[in-house]
Amino acid sequence: MKVVAFNGSPAKAGNTYHGIKIVIDELEKEGIETEIVHVGNKPVRGCIACKKCIKNKNGKCIITTDPVNEWVEKMKEADGIILGSPVHYSSIAGTMKSFLDRAFRVAEANDSMLRHKVGVSVVAVRRAGGIPTFDQLNNYINHSEMLMATSNYWNVINGTAPGEAMQDQEGIQIMRILGKNMAWLMKLIENGEGNVKKPEREEKIFTNFIR
C-alpha cells in the first residue's frame, strides 16, 4: 500500500510539512509506503473549465505547462491521499486550490478514479482560519466518494515560524492519531477486498434549479 501526501505550503520545511510528517511517520510504522509532493512552491494554473478532461477521458488535464498531470497519476496509483495546506486568508493556499480543482475534476471525469481511496486533510495555521480551510479540503474528499479517516479533533496544527508546530502538543497528538486511524482504515479495506462487495458506481445526476 502507498500514501501520497500533497503539501500546499511554499515552504518545504514549514508547519504544514511537519503536520503531514507526523501522519506519515505513523503510516510508515505500519509498513505503508509514503511520498510527499511539494505543491506550494511550484507555479500551477487554475482550472479554466474547458471540460476537455470530460471529452478526452484520458486521465489528464489539457494544461501541460505544470506538474498537475504527473500528480494526478500519483493520486491514481496511491491507496491513500493526504491533502495538506497552510491557511491563506482563512482559505486553502492558492496554488494548492488550483491543483485540487484540476486534479479532482480530472478524477471525476475519468470514472471517479479516486473513489474508495482513503483521504485525509491536514491544516497548519498561525491563529485563525484553520477550520474553514479544513472544511474546504474535506469537500474534495467527500465529493469524490473517498473514505475519510478521522482523529480525536479537527486536523489542525498551530505554529508561525517553520517547525513551531512541533510545540503544539495537542496538534501533534491529533496528527499521530490521524496517521494510526488512516493506516487501520487502509488495512481494513485491503483485507476486505474480494470478501465484501463494493457498492456499484452510479452516474452523477445534475439538477439545475434555474430554468
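Residues numbered from 1 in each chain as written. Predicted model: local features only at pLDDT ≥ 70, side-chain atom pairs only at ≥ 80, totals over all residues. Heavy atoms only, no water.

**Comments concerning the pattern of salt bridges**
- Under the criterion given, the structure shown has 12 salt bridges.
- For Lys 29, the salt bridge is made with Glu 26, and the minimal N-O distance between the two is 3.2 Å. One end of the pair, Lys 29, and the other, Glu 26, are both in helix H1 (residues 15-29), 3 residues apart, so they sit about a helical turn from each other.
- Taking the relative accessible area as the measure of exposure, Lys 29 reaches 62% and is therefore exposed.
- We classify Glu 26 as buried; its relative accessible area is 6%.
- Between Glu 108 and Arg 105 there is a salt bridge whose closest N-O contact spans 3.3 Å. Separated by 3 residues within a single helix, Glu 108 and Arg 105 lie in helix H4 (residues 94-109), roughly one turn from each other. (Salt bridge = Lys/Arg side-chain N within 4 Å of Asp/Glu carboxyl O. Helix = DSSP H or I, 4+ residues; strand = E, 2+ residues; numbered from the N terminus. Buried < 20%, exposed > 50% of the residue type's maximum accessible area, 1.4 Å probe, protein only.)

**Structural notes on the nonpolar core**
- Ranked by internal contacts, the top residues of the largest apolar core, which has 36 residues, are Phe 6, Ile 81, Leu 83, Met 96, Phe 99 and Phe 104.
- Listing elements by their share of this core, those giving two or more residues are strand E1 (2-7), helix H3 (68-77), strand E3 (80-86), H4, strand E4 (118-125) and helix H5 (130-143).
- Among the elements that make up this core, the one with the highest residue count is H4 (8 residues).
- When near neighbours in sequence (up to four residues on either side) are disregarded, Phe 99 contacts Phe 6, Val 39, Val 44, Val 68, Trp 71 and Met 75.
- Counting residues in each nonpolar core, the second largest holds 24 residues, with Val 118, Ile 157, Met 175 and Ala 183 among its members. (Core = buried A, V, L, I, M, F, W, Y, C linked by side-chain atoms within 4.5 Å. Contact = heavy atoms within 4.5 Å.)

**Notes on unusual backbone geometry**
- Of note, Tyr 89 is a non-glycine position whose phi angle comes to about 55 degrees, a positive value.
- Tracing the backbone through its elements, the reader meets Tyr 89 in the loop between E3 and H4.
- The phi dihedral of Ser 112 is positive, around 50 degrees, even though this residue is not glycine.
- As for its position among the elements, Ser 112 is in the loop between H4 and E4.

**Some details on the UniProt feature "domain: NADPH-dependent FMN reductase-like" (unreviewed entry) in the protein chain**
- Under the UniProt annotation, the feature "domain: NADPH-dependent FMN reductase-like" (unreviewed entry) is placed at residues 1-159.
- Between the end C-alpha atoms of residues 1-159 the distance is 31 Å, and the span holds 38% helix and 20% strand. (UniProt positions renumbered as here; feature names shortened; annotations may be inferred.)

**Section: a nonpolar patch on the surface**
- A contiguous nonpolar patch, built from Ile 131, Tyr 153 and Trp 154 and spanning about 310 Å² of accessible area, is present on the exposed surface.
- Secondary-structure assignment places Tyr 153 in the loop between strand E5 (147-148) and strand E6 (156-158).
- A residue is classified by how much of its surface remains accessible, and Tyr 153, at 48% relative accessible area, is partly exposed. (Patch = residues over 30% accessible without salt bridge, like charges linked within 9 Å, V, L, I, M, F, W, Y side chains within 5 Å. Areas by Shrake-Rupley, 256 points an atom, 1.4 Å probe, with all protein chains shown as cover.)

**Looking at H1**
- Between the first and last C-alpha of H1 there are 22 Å, a value that for 15 residues agrees with the 21 Å anticipated at 1.5 Å per step.
- On its buried face, H1 is in contact with E1, strand E2 (33-38), E3, E4, E6 and helix H6 (169-192).
- One or two steps after H1, the chain reaches Gly 31, where phi turns positive at roughly 80 degrees. (Expected span 1.5 Å × (residues − 1).)

**Some words on the packing of H3 against H4**
- At a closest axis distance of 10 Å, the pairing of H3 and H4 adopts a crossing angle of 55 degrees. The angle between the axes of H3 and H4 places the two elements in the oblique class. At the point where H3 passes H4, the crossing takes the right-handed sense. Across the interface between the two elements, Val 68, Trp 71, Val 72 and Met 75 of H3 pack against Phe 99, Arg 102, Ala 103, Phe 104 and Val 106 of H4.
- For the contact of H3 with H4, the per-class residue count stands at 8 nonpolar, no polar and 1 charged. (Axes fitted to C-alpha atoms, helices over the stretch in contact; angles between N-to-C directions. Parallel < 35°, antiparallel > 145°, perpendicular 65-115°, else oblique. Left-handed = near helix turned anticlockwise from the far one by under 90°. Nonpolar A, V, L, I, M, F, W, Y, C, P; charged D, E, K, R; others polar.)

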